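Here is what each chain is made of, one letter per residue.
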Amino acid sequence: MSDIPKAATPEAPAPLYGVLAEYDDPTTLARAARKVRDAGYTRWDTYTPFPIHGMDKAMGIRMTKLPWIVLVAALIGMTVGTVFQYWTNAVNYRWLVSGKPFWSWPANVPIIFETTILFSAFAALGGMLVLNNLPLPAHPLDLKERFRRVTDDKFFLFILVRDPKFDEKETRELLAATSPSVLDDVHEDRGSSDQVPKGLIYALLIAGAASLVPFALFAKARESKMSHGRIHVVWDMDFTPSYKPQSGNPLFDDQRGMRLPPAGSVPVDHLRVDDHLYQGKVGPAFASTLPPGIVADESTMKLGKAQFGIYCAPCHGQSGEGNGPINQRAETLKQGWVPPSNLHQQYLRDQPAGEIFRTITHGIRNMSGYASQIDPEERWAIVLYVRALQKSRTAQVSDLTDAERAQLK
Amino acid sequence: MATPSTTNPYQGLLKGDNPFAQITDNVSRIMEAPKPPLAWYIALGFALMLLGIFGASLGYVVWEGIGAWGHIHPVAWGFPIVNFVFWVGIGHAGTLISAVLFLFRQNWRTAINRFAEAMTIFAVVCAAVFPGVHIGRPWLPYWMFPIPNQMGMWPQFRSPLEWDVFAVGTYATVSILFWYMGMIPDFATFRDRSVSTVRRFVYGLLAMGWRGSSRQWHRYERAYLLLAALATPLVLSVHSVVSFDFATSQLPGWHTTIFPPYFVAGAIFGGFAMVVVLAVPARQFFGLKKIITMKHLELMAKVILATGMIVGYAYAMEMFIAWYSGAMYEQFAFLNRAFGNFAWAYWTMIFCNVLSPQVFWFKKMRTNVWVIFVVGIIVNVGMWFERFVIICTSLTRDFLPANWGAFIPSPIDYATLAGSFGLFFTLFLLFCRYLPMVAMAEVKAFIPEGHIHDH
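Residues numbered from 1 in each chain as written. Chains lettered and ligands numbered in written order. Predicted model: local features only at pLDDT ≥ 70, side-chain atom pairs only at ≥ 80, totals over all residues.

1. Thoughts on the overall build of chain A
Summing up its helical and strand segments, chain A has 13 helices and 8 strands in all. Against the globule reference of 22 Å for 409 residues, chain A gives a C-alpha radius of gyration of 51 Å, more extended than a compact globule. Overall size of chain A, expressed as C-alpha extent along the three principal axes, is 150 × 70 × 40 Å. Per-residue burial over chain A gives 27% buried out of 409 residues. (Helix = DSSP H or I, 4+ residues; strand = E, 2+ residues; numbered from the N terminus. Rg over C-alpha atoms; globule rule 2.2 N^0.38 Å. Buried ≥ 20, exposed ≤ 12 C-beta atoms within 10 Å, placed from the backbone.)

2. Focus: the overall build of chain B
Within chain B, the secondary structure is distributed over 16 helices and 0 strands. Here the C-alpha radius of gyration of chain B, 23 Å, is about what a compact globule of 455 residues would show, namely 23 Å. Referenced to the eigenvectors of the C-alpha coordinate spread, the extents of chain B come out at roughly 75 × 55 × 40 Å. Classification of the 455 residues of chain B by burial places 52% in the buried group.

3. Focus on the pairing of strand 3 (residues 155-160) of chain A
Residue and element names in this part refer to chain A. Where burial is concerned, most of strand 3 is hidden: 5 out of the 6 residues are buried. Looking at chain direction, strand 1 (residues 16-23) and strand 3 are connected through 6 bridges and run antiparallel. Across the sheet, residue glutamate 22 finds its bridge partner in strand 3, namely phenylalanine 156. (Pairing = 2+ DSSP bridges.)

4. Focus on helix 7 (residues 197-207) of chain B
Residue and element names in this part refer to chain B. All buried positions along helix 7 are accounted for by Tyr203, Gly204 and Ala207. Down the axis of helix 7, the buried side of the element spans an arc of 110°, and every buried residue falls inside it. Summarising the geometry of helix 7, the exposed residues directed more than 90 degrees from the buried face are Thr197, Val198 and Phe201. Looking at the buried side of helix 7, the elements it contacts are helix 6 (160-193). (Arc of directions from axis to C-beta. Contact = placed C-beta atoms within 7 Å.)

5. Focus: the domain arrangement of chain A
When its domains are assigned, chain A resolves into domain 1 (1-205) and domain 2 (275-408). Computed from C-alpha coordinates alone, the two centres of domain 1 of chain A and domain 2 of chain A are separated by 99 Å. (Domains from an automatic or database assignment.)

6. What to know about the nonpolar core
In summary, soluble globular proteins display a tendency toward joint burial of nonpolar side chains. With 189 residues, the main nonpolar core has Ala124 of chain A together with Met119, Val174, Leu227, Phe272 and Val275 of chain B as its most contacted residues. Top contributing element to this core by residue count: helix 9 (residues 259-285) of chain B, with 17 residues. In this structure, Ala287, Phe308, Cys312 and Ala381 of chain A belong to the second largest nonpolar core, which totals 18 residues. (Core = buried A, V, L, I, M, F, W, Y, C linked by C-beta atoms within 7 Å.)

7. With respect to the sheet that holds strand 4 (residues 182-187) of chain A
Residue and element names in this part refer to chain A. An order of 2-3-1-4 is seen for the 4 strands of this open sheet, with the pairing classed as antiparallel. Each edge of the sheet is formed by a strand with only one pairing partner; in this case those strands are strand 2 (44-47) and strand 4. Each neighbouring strand pair of the sheet contributes to a mean axis angle of 20°, computed without reference to strand direction. Here strand 1 pairs with strand 4 via 6 bridges, running antiparallel. Opposite glycine 18, over in strand 4, you have valine 186 as the bridge partner. (Axes fitted to C-alpha atoms, helices over the stretch in contact; angles between N-to-C directions.)

8. What to know about the environment of serine 242 of chain A
All names here are of chain A. Summarising the element assignment, serine 242 is placed in the loop between helix 6 (198-223) and helix 7 (275-279). Looking at serine 242, the number of C-beta atoms within 10 Å reads 6, which means it is exposed. Distance from serine 242 to leucine 277, taken between C-alpha atoms, is 41 Å for residues 35 residues apart in sequence.

9. Side note on the environment of glycine 81 of chain A
All names here are of chain A. By the secondary structure assignment, glycine 81 is in helix 3 (residues 66-92). Between the C-alpha atoms of glycine 81 and glutamate 298, which are 217 residues apart in sequence, the distance is 75 Å. Residue contacts for glycine 81: discarding those within four places in its chain leaves Ile111, Ile112, Thr115 and Thr116.

10. Side note on the interface of chain B and chain A
Contact residues are listed per partner, giving 57 residues for chain B and 58 residues for chain A. Put simply, the parts of the chain that give the side of chain B that touches chain A at least two residues each are helix 1 (19-32), helix 6, helix 8 (214-247) and helix 16 (440-446) of chain B. Sorting elements by how many residues they give to the side of chain B that touches chain A places helix 8 of chain B first, with 16 residues. Tallied by class, residues from the side of chain B that touches chain A come to 29 nonpolar, 18 polar and 10 charged. (Nonpolar A, V, L, I, M, F, W, Y, C, P; charged D, E, K, R; others polar.)

11. Thoughts on the packing of helix 2 (residues 38-64) of chain B against helix 15 (residues 411-434) of chain B
Residues and elements named next belong to chain B. The N-to-C vectors of helix 2 and helix 15 enclose an angle of 140°; their axes lie 6 Å apart at closest approach. By the angle class used here, helix 2 and helix 15 are oblique. The two elements helix 2 and helix 15 cross, and the hand of that crossing is left-handed. Its residues assigned to classes, the contact of helix 2 with helix 15 comprises 20 nonpolar, 6 polar and 1 charged. (Parallel < 35°, antiparallel > 145°, perpendicular 65-115°, else oblique. Left-handed = near helix turned anticlockwise from the far one by under 90°.)

12. Examining the confidence of the model for chain B
Chain-level statistics for chain B give a pLDDT mean of 90 and a share of 96% at 70 or above. Here the predicted complex carries an ipTM of 0.92, next to a pTM of 0.78. (pLDDT = per-residue confidence, 0-100.)

13. Comments concerning unusual backbone geometry
Across the junction of leucine 134 of chain A and proline 135 of chain A, the peptide omega takes the value -5°, indicating a cis bond. Note on placement: proline 135 of chain A falls in the loop between helix 4 (109-131) and strand 3. Within the chain, methionine 208 of chain B stands out as a residue other than glycine whose phi angle is a positive 55°. Of note, methionine 208 of chain B is situated in the loop between helix 7 and helix 8.

14. Considerations on helix 9 of chain B
All names here are of chain B. Taking 1.5 Å of rise per residue, 27 residues should cover 39 Å, and helix 9 covers 39 Å from first to last C-alpha, within 8% of that figure. Most of helix 9 sits out of view: 21 of its 27 residues are buried. Following helix 9 by one or two positions, glycine 287 adopts a phi angle in the positive range, close to 65°. (Expected span 1.5 Å × (residues − 1).)

15. What about the environment of isoleucine 321 of chain B?
Locating isoleucine 321 of chain B in the fold gives a position in helix 10 (residues 294-325). Sequence separation of isoleucine 321 of chain B and alanine 188 of chain B is 133 residues, and the distance between their C-alpha atoms is 54 Å.

16. Quick word on the packing of helix 8 (residues 298-316) of chain A against helix 12 (residues 376-394) of chain A
Residue and element names in this part refer to chain A. Direction vectors running N to C along helix 8 and helix 12 enclose 95°, while the axes themselves pass 7 Å from each other. Of the possible angle classes, the one that applies to helix 8 and helix 12 is roughly perpendicular. Side by side, helix 8 and helix 12 meet where Thr300, Met301, Leu303, Gly304, Lys305, Gln307, Phe308 and Cys312 of the first sit next to Glu378, Ala381, Ile382, Leu384, Tyr385 and Ala388 of the second. Looking at the contact of helix 8 with helix 12, its residues break down into 9 nonpolar, 3 polar and 2 charged.

So this is what it looks like as structure tokens:
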């Protein structure tokens, strides 16, 4: 024992806490640890700058229960992820997505996976800290200046006085035989407490209580009535500088937000002074001819036929006899129906072209006006086509030209 | 201690009788030096300038509305989402190195895992900014979280965009936990070496009273293994979920089942490239050449080559499947990628991601820091273009020619892209100076002197 340099022990009134041996390399430490283990000590530990493989075995450390803690946390995370998604999306606020079932679980798997990992990771770190009794602000070993090198390059073995096998003489001899570089006594630390400082605890308590204040205000706001409107921190598009139609506008004499157009203004394309073209009238009476701009030629006839087929034939029928598919359906249903006119009736044959134009434009009886759907020029084309249909029932051979008569033969 | 000496990059490097103290000194002196190297100040100044641009341009976007960015119908995603996917991808290497290589017992990772993890976290921070602002009303991001509200509404958990919130959120949280836990023993080293009270208090607080007890190490290592086992599927899931944003849509060019593995491989590829880009100057300026050795850089070059080949395979397979599907729109989408309006971007991507890493077949190139550094930058450019190609070509040329459009980025687009690098580098430079840049305890455990030699 004499060849081992013994550290100078200062006059220490504090009781002995344990015996500390210092080593220079992991192999010597492991040999020492095996000896201490085999001697039957239980309240002892080794301190190293890094984890040494094989040290668990040399010290006889049993497997930690940390994996089980993490497993439980993983199962809790999985359950929380599943139940929370089910309750929120399928029960409490049912999200209808493209007609899928409210609970279509494969699409919920990614988030279940993430919550499982999240809970497990917190359990792994938190469990390690709790099982290791961390954080630990102070320890008697901190009083040893040389112990600081435990996080650098030195290896330590420490046996506590509390160990049932501890004996001041025997334990020292046991450690001295393991060829430590230094053997030292460690005394209890009376100067510093291993408790968290009181001030820090109070500060944390006050901060914790203060952090609840906003939530208390939220809770109060939920239960109380407000005399003012919602507070808009960010206005988004809730308020715009424009004046709404029914709101007032102080800029104008009449204080109205909605403005009338100046008297006499005509919207674009709304100037309709030609009575013949737009009303079908010449003076007070209906016009008997097409307006000057509409030419009774083959292209106008084709246009009229096409528009008649689209707008008129559904009720009046392709040949204008009032038997279109809508009429047929209405007759079958027998629910009361004003039938569309047969365009071949005598009084319709006698009507001036302008009156037929008026009927298409403004409607009659059950028929609504088509002004919004068919342009005036197209309406005149329909009139021309109706005239042709009517003529088709009363035409005489004498109406044909000589060439056409020749074809008939 | 079955590590064969030939694979140990530290064999014969750390000479002298106390390699542990050498490692501690090498890493701790970066924090303890009264002044960091001049290069650090220059780099920080540049990074802060870019960060200022980031803040100003994002402030403008928030104030004016997201129309300040160049995206417009039909490219509603544009640069912000390209940048988001790019940064999330960068953020994959850290956890991959920490977790996946740990599970595969690739112990060489110990030299680079710490700052790769830091890089991960900073990249995820950069990534989160973009969708956070791109949502349009950045003051309402909490609508994405399941918080009880007066409308009685809950988020739609079956949407891939909501999966993203959880995947990226969980990934950021678990990465921070993993990073912090890894640093606890190194904080204790910093604490025990501190001479000033402030440092001793701050690092002491962060170390939480760690004293290196073997009984604590036992639980610590178990927790580390568990976190690695949890983070491994997590890192694979994050970019898979990001790829679902595309793959679950019906757009030609997005609607493909290869996306999840293709995105993950691309993320590892881009992430490793960023690690070498950061590692090369870091080891140079902070004197870490003995800890981050040429062997490490060579191994990372090999990973870049391997993942680059996987990415190249994915590009080829996309083309093949488009042809093999017989689907007209799919075929057009891919022909258009290679020969259409953004063909230049496509061929830039092919050059950067598929061709440039091929130089790593040669050992001479793998062991030349300049080649590694330059290829790392090229690959990062290529990975940015990969996301640009996926988003912009597909959106500008979808099913109906009537719905086709052009995409012209605005100056604000470029400003936010450049600015995000400012945020990333500012955080990284502060990390280099004030936190343990290398996992000292893990490196010590890995060198031959750290093993028990008599059993």
